[in-house]
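If you want the building blocks of each chain, they are given just below.
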Amino acid sequence: MTGCSDSTITLADLEAAASKVDISKIEVSVDPTATAEMLDLEKSDLTFGFIKLTDCAPLVIAKEMGYFDDEGLNVTLETQSNWKILLDNVINGQLDGAHMLAGQPIGATIGVGTKSPIVTAYSLDYNGNGITVSNEVWAQMQENDPALQSPTPKHPISAASLKPIVDEYLQDAGEPFPMGMVFPVSTHNYEIRYWLAASGIHPGMYTESDIKGFTDAQVKLSTVPPPQMPQNLEADIVKGYCVGEPWNQKAVVTGIGVPVITNYDIWKNNPEKVFGVAESWAEEHPQTHLAVIKALIRAGKWLDATDATGKLINREEAVDILSRKDYVGAEKEVISNSMMGTFVFQSTDVREMPDFNVFFKHEASYPHYSDAIWFLTQMRRWGQITESKPASWYAETAKQVYRPEIYRQAAELLISEGKLDPNEIPAPDYDGYRAVTTEFIDGNQYDAKDPIGYINSFEIGNKDDESLAKK
């Protein structure tokens, strides 16, 4: 050391040297991210599955914006050909986690189809689906309801004008009217059933011996992988379908069909997809799971970021990324129709729908118990849950599958790192139940704390003994 009389450096020497250093002009970084601590990951190389839909966006953005990297995670995203294969690959361990239908963790846990416990600590989005019919069916609906002959018909459009078409088909063909949905426990299945039944059209019941749900059906709802919906419509295999984007907009752009309603108009701000992992994986990798949820929260926030005027500022970049072949692989025009806050029903009917795709605002990424219970009520209504259950079973099952405590822990870490504001997540005393709502197409009231009353409120579907409401 320069200035020292010999090679021995004492503590007194260091203190004397330090006292001569002027630190008054040194600029100290106040970047809040500098205080972030890496979690003690049990596993850092991860593979997640997804289906080619725009609502896989939080996973894609977490990877492309480096949010997974920030948590020390090396994530590979692998497209899956259909929802069953995706679920099977999570269960058999080929995938660490996946973009899932909100009903999949619930259905798998209670044994609707495959039985294997799956949990979720993150809701990927609200809304994002539509129901499209063929041009021929749309023309018939217009004949049945002259109000639909307008270039800008009034929305929402019910299935009332479809009912005579269904009745005639059933009489002439001797079989139910064919339509498509993506998976038996999908939001799409329950949404199209809800829409049809609200106009008196029976979509069929599941029974112990009928796992396809065709019993008493006036409309036969078949399972079709999302990207194959337009081809099935064009080939007249199905005459309409319920699917996520961009596959409704694809029908518009290619001129083969007309979206008649979005799921936002069937139930405003309905839960759509979640990030699911096997319960055993979550137990073996708690710190890794936490890191993943941190990255996803940041991705959801990025996707819904707006400027002072409310304009979504990152969606164009998101559309560019999602359009790549390794992700959704659809044209930017098709993806941007819905992602940019509008929805095209017809070339003459372009509607502003800023909440068609919601990834973060309205507390969309929080795993609400009430959302899980809604899916359970629909499984019971349509017979996938074959036996009556007490009200307490619905609440207990929701808590088994939905894990808000993990979400909250991840959010609090992000708050401590300056990446999230406390006002952006539910209050600490929130019980996990969204407010009672009537914002459904039929105006029916949903109170998750009264699942038996809700199931019994529908004209079509199973009914349960009212005494179960107090058990």
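Note that the structure is a prediction, hence the values are computed from the model and not measured.

Chemist: Explain the overall build of the protein chain to me, and be specific about the residues and the numbers.
Modeler: Of regular secondary structure, the protein chain possesses 19 helices and 14 strands. Radius of gyration (C-alpha) of the protein chain: 25 Å, near the 23 Å computed for a compact globule of 471 residues. If you take every contact in the protein chain between residues at least 6 apart in sequence, the share linking residues at least 24 apart comes to 72%. Of the roughly 19700 Å² that the protein chain leaves accessible, carbon and sulfur atoms contribute 49%. In the protein chain, 38 positive and 68 negative side-chain charges are present, and the distance between their average locations comes to 2 Å.

Chemist: Mind laying out helix 14 (residues 315-322), listing which residues take part and the relevant values?
Modeler: The complete set of buried residues in helix 14 reads R315, A318, V319, I321 and L322. What you see down the axis of helix 14 is that its buried residues fit within an arc of 165°, all on one side. Tucked into the core, helix 14 has its buried residues touching helix 2 (57-64), helix 13 (286-303), helix 15 (332-339) and strand 14 (357-358).

Chemist: Could you give an account of the sheet that holds strand 2 (residues 74-79), with specific residues and numbers?
Modeler: Each strand in a sheet pairs with another by means of backbone hydrogen bonds, the pair being arranged parallel or else antiparallel. Strand order in the open sheet made by the five strands is 2-1-3-11-4, with mixed pairing throughout. Only two strands of the sheet have a single neighbouring strand rather than two, namely strand 2 and strand 4 (118-123). Ignoring strand direction, the axes of neighbouring strands in this sheet form an average angle of 30°. Summarising the sheet, strand 4 and strand 11 (residues 273-278) pair through five bridges and their orientation is antiparallel. Paired with Y122 across the bridge in strand 11 is F275. Docked against the sheet, helix 2 engages strand 1 (45-50), strand 2, strand 3 (97-101) and strand 11, running at close to 140° with respect to strand 2.

Chemist: An account of unusual backbone geometry is requested, with residue identities and associated values reported.
Modeler: With an omega of 0°, the peptide bond between H155 and P156 qualifies as cis. The residue P156 is located in the loop between helix 6 (135-144) and helix 7 (163-173) in this model. Of note, the amide linkage connecting E245 to P246 takes the cis form, showing an omega dihedral of 15°. Mapped onto the fold, P246 is located in the loop between strand 9 (240-244) and helix 10 (247-254). Residue D236 is not a glycine yet carries a positive backbone phi of 65°. By the element assignment, D236 lies in the loop between helix 9 (229-234) and strand 9. Judged by its relative accessible area of 42%, D236 falls in the partly exposed class.

Chemist: Could you give an account of the packing of aromatic side chains, with specific residues and numbers?
Modeler: One pass over the structure, following the stated rule, counts 21 aromatic pairs. Relative to F356, the ring of F343 lies with its centre 4.9 Å away and its plane at 45°, an arrangement referred to as tilted. Taken together, the positions of F343 in strand 12 (residues 342-346) and F356 in the loop between strand 13 (349-352) and strand 14 put the pair 13 residues apart, joining distant regions of the chain. The same class applies to F343 and to F356, which are both buried. Their ring planes at 65° and their centres at 5.5 Å tell us that Y366 and Y430 sit as a pair that is edge-to-face. Linking Y366 in the loop between strand 14 and helix 16 (369-381) with Y430 in the loop between helix 18 (404-416) and helix 19 (451-456), this pair joins segments that are 64 residues apart in sequence.

Chemist: Help me get a handle on the nonpolar core, residues and values and all.
Modeler: Formed by 137 residues in total, the largest nonpolar core has its most connected members in F68, M141, L162, I293 and I297. No other element matches the 10 residues that helix 13 contributes to this core. When residues no more than four places from it in sequence are discounted, the contact partners of L162 are V137, M141, F177, M179, W195, L196 and I201. Counting five residues, the second largest nonpolar core, distinct from the first, contains Y264, F343, M353 and F356.

Chemist: An account of the environment of F183 is needed here, citing residue identities and associated values.
Modeler: Mapped onto the elements of the fold, F183 is located in the loop between strand 7 (177-181) and helix 8 (187-197). Judged by its relative accessible area of 13%, F183 is buried. In the structure, F183 is positioned 69 residues away from V252 in sequence and 23 Å away in space, judged by C-alpha atoms. In contact with F183, other than residues within four places in its own chain, are W83, K84, L101, Q104, N189 and T223.

Chemist: Before we move on, could you go through the packing of helix 2 against helix 14 and cite the residues and values that matter?
Modeler: In the contact formed by helix 2 and helix 14, the axes pass within 11 Å of each other and the chain directions differ by 95°. By the angle between their axes, helix 2 is roughly perpendicular relative to helix 14. Residues A57, V60, I61 and E64 of helix 2 pack against A318, I321 and L322 of helix 14. Its residues assigned to classes, the contact of helix 2 with helix 14 comprises six nonpolar, no polar and one charged.

Chemist: Give a description of the pattern of salt bridges that names residues and reports values.
Modeler: Scanning the model with the defined rule gives 22 salt bridges in all. Here K301 ties to E424 by a salt bridge, and the two come within 3.1 Å at their closest N and O atoms. Here E424 lies in the loop between helix 18 and helix 19 and K301 lies in helix 13, a separation of 123 residues in the sequence. Judged by its relative accessible area of 26%, K301 falls in the partly exposed class.

Scoring rules and cut-offs
- Here the residue numbering is sequential within each chain, running from 1 through the sequence in written order.
- Residues qualify for local features only when their pLDDT is at least 70, as the model is predicted, and side-chain atom pairs are given and counted only at 80 or more; totals for whole chains, interfaces and linings, by contrast, use all residues.
- Side-chain numbers here rest on the full set of heavy atoms in the structure, without hydrogens or water.
- Numbering goes from the N terminus for both helices and strands, where a helix is a DSSP run of H or I of at least four residues and a strand is a run of E of at least two.
- Radius of gyration means the value over C-alpha atoms here, while the globule rule gives 2.2 Å times the residue count to the 0.38 power.
- Here, two residues are considered to be in contact whenever any of their heavy atoms come within 4.5 Å of each other.
- Surface accessibility in these figures is a Shrake-Rupley result with a 1.4 Å probe; residues are shielded only by whichever protein chains are displayed.
- In summary, the charge assignment counts Lys and Arg as positive and Asp and Glu as negative, without counting His or the chain termini.
- For charged residues, the charge sits on one atom: NZ in Lys, CZ in Arg, CG in Asp, CD in Glu.
- Exposed residues in this analysis have more than 50% of their type's maximum accessible area, buried residues have under 20%, and partly exposed residues fall in between, with area computed by a 1.4 Å probe over protein chains only.
- This arc is taken over the directions from the axis of the helix to the C-beta atoms.
- Whether two strands pair comes down to DSSP finding at least two bridges between them.
- With axes taken as lines fitted to C-alpha atoms, and helix axes fitted only over the stretch in contact, angles between N-to-C directions fall between 0 and 180 degrees.
- Stacked, edge-to-face and tilted are the three classes for Phe, Tyr and Trp ring pairs, Trp counted by its six-membered ring, which pair at centre distances within 6.5 Å; planes under 30 degrees apart are stacked, over 60 edge-to-face, the rest tilted.
- Throughout, nonpolar core names a set of buried Ala, Val, Leu, Ile, Met, Phe, Trp, Tyr and Cys residues whose side chains join them through atoms within 4.5 Å.
- Angular relationships are summarised with four words: roughly parallel below 35 degrees, roughly antiparallel beyond 145, roughly perpendicular across 65 to 115, and oblique for the angles in between.
- Three classes are used, and their members are as follows: Ala, Val, Leu, Ile, Met, Phe, Trp, Tyr, Cys and Pro are nonpolar, Asp, Glu, Lys and Arg are charged, and the others, Gly among them, are polar.
- Any carboxyl oxygen of Asp or Glu that lies within 4 Å of a side-chain nitrogen of Lys or Arg is treated as forming a salt bridge with it.

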